[in-house]
Amino acid sequence: MIVTTKKLFAHAYGKYALGAYNINNSEQIMGLFKGCMDSKAPFIIQISKGARAYTDKRMLEAMIRAADDIFPDAVFAVHLDHGDEQTCYECIESGFYSSVMIDASHDDFAGNVATTKRVVDAAHAKGISVEAELGMLGGVEEDIQVDEKNANLTDPEEAKDFVAQSGCDSLACAIGTSHGAYKFSGGQGIHFDRVEAIQKLLPGVPLVMHGSSSVPQDEVARINAAGGKLKEGAKGVDPNQYLPAAKLGVCKVNIDTDGRLVWTRVHREFFQDKPEDFDLRSPGKVFMPEYAKFIASRNELLGSANQLDDVREFVKTAA
Ligand code: G3H
Ligand code: 13P
Ligand code: ZN
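Just so it is clear, the structure is predicted and the values come from calculations on it, not from any experiment.

Colleague: So what's going on with the site of ligand 2? Which residues, and what values?
Modeller: Around ligand 2, the surrounding shell holds 15 residues, and the nearest of these are Asp81, Lys183, Ser213, Asp256 and Thr257. Within the side chain of His179, one N or O atom sits 3.0 Å away from an oxygen atom of ligand 2. The side chain of His210 places a nitrogen or oxygen atom 3.1 Å from an oxygen atom of ligand 2. Protein chains bury 96% of the 310 Å² of accessible surface belonging to ligand 2 in isolation. Of all elements in the fold, only β3 (76–83) and β10 (250–255) reach the threshold of two or more residues within the shell around ligand 2. Residue composition of the shell around ligand 2, by class: 1 nonpolar, 11 polar and 3 charged.

Written out as structure tokens, the structure is:
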């Protein structure tokens, strides 16, 4: 069942966070749905502009509709990740997305508010939720490069004004995380003091944490042992911090890189062990259950595991 992020957040707020997982192909979709069913978790399936362009956006949409049929108990939102204004309108018009992210965080405050408000007006007219972003994450965000040194955390006062003026339903904040596999080289992590300050001025407003992959070091080591050349030693977000962040209003935790690492490890090890194999289904059969196991483990840490039955009842009555 496809629902809005607004309804999912209303159930989760202050208690747990929803995993927002990026998908690109059928194996990821099957693994994601299976992992969420195994852990009895509601979830957010998110599609980036790059994913929409990879095969064909209609292909992804059809596969998600099929997964909705195959797993009739699933409760999830379909979300556009890091949309520009035009892509947001396309997704709103498509009638398939229940939530879009307008990422105008590279604009100045007034420009970000204005763009976000236009998208909010179009989305709300169709009952679709809107996530906006304020502040600059470190690392690489789609085609926008942000120097990690200049990454600036979201200002709580600005966040309050931004939500009031734009009318967005949830806010992605820069709180120390960055996209990709190389987030922290030392003891850095989530800036909890900043999350707390933002929540204080925006009580009840769902916050979103981008760049939340944990970049498991054993996964990186296995990839490199099987011929990969990923930089070792750079850590991700400590997944034991997902739940403390959720208690401070972080309702959506974006995870993409970790899924790519699972895919890379499975395929590198598979072809290293079986160099004579050339059947694409063979590693795919290993990847799907491995990805499902990874997703279930994340849902446990997010606190979304075992919320499914309760959420199903809740969304029937929630506005
Ligand atoms: O934040 C970006 C996501 O990881 C999506 O990445 O644009 O390569 O699909 P992508
Ligand atoms: P990661 O690169 O940490 O997985 O973050 C993904 C993300 O924020 C997608 O919007
Ligand atoms: Zn992101």
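So that's the structure; there's more coming.
Colleague: Report on the packing of aromatic side chains, specifying residues and quantitative values.
Modeller: Applying the stated rule across the entire model yields 9 aromatic pairs. With centroids separated by 5.3 Å and ring planes inclined at 15°, the aromatic side chains of Phe43 and Phe76 adopt a geometry described as stacked. With Phe43 in strand β2 (residues 43–48) and Phe76 in strand β3, the pair connects residues that are 33 residues apart, well separated along the chain. Judged by relative accessible area, Phe43 falls into the buried class, the value being 0%. Over the ring of Tyr182 we find Lys231, and its NZ or CZ is 4.5 Å from the ring centre.

Colleague: Tell me about the nonpolar core, residues and numbers included.
Modeller: Counting residues in each nonpolar core, the largest one holds 79 residues, and the members touching the most others are Leu32, Phe33, Ile45, Ile64 and Leu171. Excluding residues within four positions of it along the chain, Leu32 makes contact with Tyr21, Ile23, Phe43, Ile45, Tyr291 and Ile295. Formed by 5 residues, the second largest nonpolar core is a distinct cluster that contains Ala181, Val215, Val220 and Leu261.

Colleague: Outline the sheet that holds strand β5 (residues 129–134), listing residues and values.
Modeller: Strand order around the closed barrel formed by 8 strands is β1-β2-β3-β4-β5-β8-β9-β10, with parallel pairing between neighbours. In this sheet, adjacent strand axes meet at a mean angle of 25° when their direction is disregarded. Both strand β1 (residues 18–22) and β10 contribute to a ladder of 4 bridges, which runs parallel. From the neighbouring strand, Gly19 faces β10, where its bridge partner is Val253. Running over the sheet, helix α1 (residues 5–12) touches β1, β2, β3, β4 (99–102), β5, β8 (170–173) and β10 and is turned about 140° from β2.

Colleague: So what about the side chain of Ser214? Which residues, and what values?
Modeller: Locating Ser214 in the fold gives a position in the loop between β9 (207–209) and α9 (217–225). Polar contacts involving the side chain of Ser214 include one to the side chain of Arg298, which spans 2.5 Å. The contact partners of Ser214, leaving out residues within four places of it in the chain, are Gly236, Val237, Pro239, Tyr242, Asp258 and Arg298.

Colleague: Can you tell me about the packing of helix α2 (residues 26–38) against helix α12 (residues 281–302), naming the residues and giving the values?
Modeller: Running from amino to carboxyl end, α2 crosses α12 at an angle of 40°, the nearest separation of the two axes being 7 Å. With respect to α12, the axis of α2 lies oblique. Our pair here, α2 against α12, has a crossing hand that is right-handed. For the pair formed by α2 and α12, the contact residues are Glu27, Gln28, Met30, Gly31, Leu32, Lys34, Gly35 and Cys36 on the first element and Gly284, Phe287, Met288, Tyr291, Ala292, Ile295, Ala296 and Asn299 on the second.

Colleague: Please set out the pattern of salt bridges residue by residue, giving values where relevant.
Modeller: Evaluation of the coordinates by the stated rule reveals 16 salt bridges. Among the salt bridges present, the one from Glu131 reaches Lys252, with a minimum N-O distance of 2.7 Å. With a gap of 121 residues between them, Glu131 in strand β5 and Lys252 in strand β10 connect regions that are remote in the sequence. Residue class for Lys252 comes out buried when judged on its relative accessible area of 0%. Residues Arg265 and Glu219 are paired through a salt bridge, measuring 2.6 Å at the closest nitrogen-oxygen approach. Of this pair, Arg265 sits in helix α11 (residues 257–273) while Glu219 sits in helix α9; the two residues are 46 residues apart in sequence, bridging distant segments of the chain.

Colleague: Tell me what's going on with a negative patch on the surface, and back it up with residues and numbers.
Modeller: Residues Asp155, Glu157, Glu158 and Asp161 make up a contiguous surface patch of negative charge. Of note, Glu158 is situated in helix α7 (residues 156–166).

Colleague: Please set out the coordination of the zinc ion (ligand 3) residue by residue, giving values where relevant.
Modeller: Around the zinc ion (ligand 3), the protein supplies His82 (NE2), His179 (NE2) and His210 (ND1) as donor atoms, at distances of 2.0 to 2.1 Å. Site description for the zinc ion (ligand 3): donor spacing in sequence, H-x96-H-x30-H. Of this pair, His82 sits in strand β3 while His210 sits in the loop between β9 and α9, placing them 128 residues apart in sequence. The pair His82 / His210 is uniform in exposure class, with both members buried.

The rules behind these values
- Residues numbered from 1 in each chain as written.
- Chains lettered and ligands numbered in written order.
- Predicted model: local features only at pLDDT ≥ 70, side-chain atom pairs only at ≥ 80, totals over all residues.
- Heavy atoms only, no water.
- Near = heavy atom within 4 Å.
- Polar contact = N/O pair within 3.5 Å; in protein donor to acceptor, adjacent residues only side chain to side chain.
- Areas by Shrake-Rupley, 256 points an atom, 1.4 Å probe, with all protein chains shown as cover.
- Helix = DSSP H or I, 4+ residues; strand = E, 2+ residues; numbered from the N terminus.
- Nonpolar A, V, L, I, M, F, W, Y, C, P; charged D, E, K, R; others polar.
- Phe/Tyr/Trp six-rings, centres within 6.5 Å; stacked < 30°, edge-to-face > 60°.
- Buried < 20%, exposed > 50% of the residue type's maximum accessible area, 1.4 Å probe, protein only.
- Lys NZ or Arg CZ within 6 Å of the ring centre and 35° of its normal.
- Core = buried A, V, L, I, M, F, W, Y, C linked by side-chain atoms within 4.5 Å.
- Contact = heavy atoms within 4.5 Å.
- Pairing = 2+ DSSP bridges.
- Axes fitted to C-alpha atoms, helices over the stretch in contact; angles between N-to-C directions.
- Parallel < 35°, antiparallel > 145°, perpendicular 65-115°, else oblique.
- Left-handed = near helix turned anticlockwise from the far one by under 90°.
- Salt bridge = Lys/Arg side-chain N within 4 Å of Asp/Glu carboxyl O.
- Patch = residues over 30% accessible without salt bridge, like charges linked within 9 Å, V, L, I, M, F, W, Y side chains within 5 Å.
- Lys, Arg positive; Asp, Glu negative; His and termini not counted.
- Charge placed at Lys NZ, Arg CZ, Asp CG, Glu CD.
- Donors = N, O, S within 2.8 Å, 3.2 Å for Na, K, Ca; no water.

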